[in-house]
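Reading the structure
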Amino acid sequence: MDYIGHGLDESELAPSPYLQARAWIDEAIERAKSSNVLAEPTAISVATVDASGQPNVRTVLMRFFDERGPGFVTNLESAKSEEIRVNPRVAAALTWPWLYRAIRFRGRAEPLDREEVHAYFDHRPYGARLSAWASQQSRPASGRAELERRWAEAQDRFPDTGDPEDVPVPDFWGGWRVRCDEVEFWAGRANRLHDRIVFTRVGEGSLADPDAWQVSRRQP
Ligand SMILES: Cc1cc2nc3c(=O)[nH]c(=O)nc-3n(C[C@H](O)[C@H](O)[C@H](O)COP(=O)(O)O)c2cc1C
Ligand SMILES: Cc1ncc(COP(=O)(O)O)c(C=O)c1O
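Please read these numbers as outputs of a predicted model, since none were measured by experiment. (Residues numbered from 1 in each chain as written. Chains lettered and ligands numbered in written order. Predicted model: local features only at pLDDT ≥ 70, side-chain atom pairs only at ≥ 80, totals over all residues. Heavy atoms only, no water.)

1. A few points about the pattern of salt bridges
Summed over the entire model, instances satisfying the criterion amount to 22 salt bridges. Between D166 and R129 there is a salt bridge; the shortest N-O distance is 2.8 Å. Of this pair, D166 sits in the loop between α5 (144–157) and β7 (173–187) while R129 sits in helix α4 (residues 126–134), placing them 37 residues apart in sequence. No difference in accessibility class separates D166 from R129, as the two residues are buried. Here D181 makes a salt bridge to R201, at a shortest N to O gap of 3.4 Å. Of this pair, D181 sits in strand β7 while R201 sits in strand β8 (residues 195–201), and the two are 20 residues apart along the sequence. Of the residues examined, D181 reaches a relative accessible area of 32% and is grouped as partly exposed. On the basis of relative accessible area, R201 is assigned to the buried category, the value being 17%. (Salt bridge = Lys/Arg side-chain N within 4 Å of Asp/Glu carboxyl O. Helix = DSSP H or I, 4+ residues; strand = E, 2+ residues; numbered from the N terminus. Buried < 20%, exposed > 50% of the residue type's maximum accessible area, 1.4 Å probe, protein only.)

2. Looking at the site of ligand 2
Residues in contact with ligand 2, as listed here, are L61, R63, Y120, R124 and Q137. Interatomic distance of 2.6 Å between a side-chain N/O atom of R63 and an oxygen atom of ligand 2. Contact distances for ligand 2 include 2.5 Å between an oxygen atom and a side-chain N or O atom of R124. Starting from 390 Å² of accessible surface for ligand 2 in isolation, the protein chains cover 56%. Here the residues of the shell around ligand 2 sort into two nonpolar, one polar and two charged. (Near = heavy atom within 4 Å. Polar contact = N/O pair within 3.5 Å; in protein donor to acceptor, adjacent residues only side chain to side chain. Areas by Shrake-Rupley, 256 points an atom, 1.4 Å probe, with all protein chains shown as cover. Nonpolar A, V, L, I, M, F, W, Y, C, P; charged D, E, K, R; others polar.)

3. Observations concerning the packing of aromatic side chains
Tallied over the full model, the rule gives ten aromatic pairs. Where W24 meets F185, the ring centres are 5.4 Å apart and the plane angle is 85°; that geometry is what we call edge-to-face. One end of the pair, W24, is in helix α1 (residues 17–33); the other, F185, is in strand β7, with 161 residues separating them in the sequence. For the pair W24 and F185, a shared accessibility class is recorded, and that class is buried. Taking 5.7 Å as the distance between ring centres and 85° as the angle between the ring planes, the aromatic pair formed by W133 and F172 counts as edge-to-face. Taken together, the residues W133 in helix α4 and F172 in the loop between α5 and β7 connect sequence positions 39 residues apart. Above the face of the W133 ring, R157 is positioned so that its terminal group lies 4.8 Å from the ring centre. (Phe/Tyr/Trp six-rings, centres within 6.5 Å; stacked < 30°, edge-to-face > 60°. Lys NZ or Arg CZ within 6 Å of the ring centre and 35° of its normal.)

4. Re the side chain of R201
Within the local environment of R201, its side chain forms a polar contact with the backbone oxygen of G203, the two atoms lying 2.7 Å apart. In this structure the side chain of R201 is engaged in a polar contact, spanning 2.6 Å, whose partner is the backbone oxygen of G205. Discounting residues that sit within four places of it in the chain, R201 has contacts with R179, C180, D181, A212 and W213. (Contact = heavy atoms within 4.5 Å.)

Set out below in structure tokens:
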């Protein structure tokens, strides 16, 4: 299949990686709404490296994106979180094949503030908040029954009152944000002659600070 995307030219590039990513993310979210498949436009693959140097990758939902970088929520005792604590260097990719676009972030993961985590957790559905308690994420499970039992125990412990306070945030649940050093925008073009425009950090500013970034192009 040939990629017949519009491409990405330096002349139309936003002045900062934040604005460029924001435009693509917003467009992906908007276009996904009118799609009849589950496009999940904020699904992001997050790569880490384990203590032995072996890479690892999994998909999460990018629940935060601002000038500080992309962020996600997860169990803080999961494999990914343990790997990040040993080595905070991560990479993350948003991929929208149906838009012939992808964004790659590289940098270091930093913990989300507890206030952000609390505010986010309170908006999750009751059942998902219970699952945060029920799942020792990444640990072995004897079977589905064990998970269902642990979920039911959480339900007994934290009955549904309709109030966000009914299920507190577990101390072992939170999230990470990627402080980026590099952001690459990939736009698929015909004949595999794609566009790849890269913002590389040259200063301390945020993703929204044009002075903190240098733009270059890579071969497809
Ligand atoms: C579309 C999609 C979205 C997901 N979103 C999350 C998420 O936001 N947070 C999370 O912890 N796991 C999420 N998962 C599950 C992860 O892919 C993964 O199984 C889990 O986080 C355990 O990863 P780990 O053992 O490497 O830590 C999602 C999976 C898929 C396919
Ligand atoms: C295990 C797990 N944790 C967290 C999330 C993110 O959930 P939420 O939709 O509340 O952001 C997901 C989403 O798929 C998930 O599978």
